Amino acid sequence: MVLERFSDATRAWFDGAFAAATPAQLGAWEAIASGEHALVVAPTGSGKTLAAFLWSIDRLTATPPPEDPLHRTRVLYLSPLKALGVDVERNLRSPLVGIGHAADRTGAPAPDISVSVSTGDTPADERRASAR
């Protein structure tokens, strides 16, 4: 099963947070795990956002960041709408916190992942901080 390909902490968080993966998630994770491109077309509420990000979150926790700080942005999400970008940021925080707690319980290193949102309204000093 594709969930077995996630780290122990990610799997523990997911199993504690959800009864089961949705068909959209299983299909996406199978394609992503195989190194294929994936386009997830599914109804609202089917877990598309988590399908897209959980694999990335898991890989980020499993691999150290690059030595060069300028190469540490490893996942970039572009949103067509400011509100959608804000929703995605909010929805990313729950798995990050949950996986961190699961890592503590399993003795794995806690994820050191930061999330930021930048829009045309973001002040220049905040954009520079995100770039650093």
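Residues numbered from 1 in each chain as written. Predicted model: local features only at pLDDT ≥ 70, side-chain atom pairs only at ≥ 80, totals over all residues. Heavy atoms only, no water.

Q: So what's going on with the packing of aromatic side chains? Residues and values would help.
A: All chains considered together, the criterion is met by 6 aromatic pairs. Ring geometry for tryptophan 13 against phenylalanine 18: centres 5.7 Å apart, planes inclined by 85°, an arrangement best described as edge-to-face. By relative accessible area, which is 10% here, tryptophan 13 ends up buried. We classify phenylalanine 18 as partly exposed; its relative accessible area is 35%. Among the aromatic side chains, those forming a connected cluster through ring pairs are Phe6, Trp13, Phe14, Phe18, Trp29 and Trp55. Lying over the aromatic face of tryptophan 55, arginine 59 brings its terminal NZ or CZ to 4.5 Å of the ring centre. (Phe/Tyr/Trp six-rings, centres within 6.5 Å; stacked < 30°, edge-to-face > 60°. Buried < 20%, exposed > 50% of the residue type's maximum accessible area, 1.4 Å probe, protein only. Lys NZ or Arg CZ within 6 Å of the ring centre and 35° of its normal.)

Q: Lay out the pattern of salt bridges in plain terms, naming residues and giving numbers.
A: Enumeration over the complete set of coordinates arrives at 6 salt bridges. A salt bridge links arginine 11 to aspartate 8, with the nearest nitrogen and oxygen atoms 2.6 Å apart. Highlighted residues: arginine 11 and aspartate 8, both in helix α1 (residues 8-17), separated by 3 residues, approximately one helical turn. Residue classification places aspartate 8 among the exposed residues on the basis of a relative accessible area of 52%. Measuring nitrogen to oxygen at the nearest pair gives 2.6 Å for the salt bridge that ties aspartate 58 to arginine 59. Since its relative accessible area comes to 29%, arginine 59 is described here as partly exposed. (Salt bridge = Lys/Arg side-chain N within 4 Å of Asp/Glu carboxyl O. Helix = DSSP H or I, 4+ residues; strand = E, 2+ residues; numbered from the N terminus.)

Q: Give a detailed account of the nonpolar core, specifying residues and quantitative values.
A: By size, the foremost hydrophobic cluster in this structure holds 22 residues, and its most contacted members are Trp13, Phe14, Trp29 and Leu54. At the level of secondary structure, the elements contributing two or more residues to this core comprise α1, α2 (23-33), α3 (48-62) and α4 (82-106). Ignoring sequence-local partners within four residues, the contact set of leucine 54 consists of Phe6, Thr10, Trp13, Phe14, Trp29 and Ile99. (Core = buried A, V, L, I, M, F, W, Y, C linked by side-chain atoms within 4.5 Å. Contact = heavy atoms within 4.5 Å.)

Q: Break down the confidence of the model for the chain for me, citing the residues and quoting the values.
A: Within the chain, residue pLDDT values average 86, and 98% of them lie at 70 or more. Within the chain, no element has a lower average pLDDT than helix α5 (residues 124-131), which sits at 78, and none a higher one than α1, at 93. (pLDDT = per-residue confidence, 0-100.)

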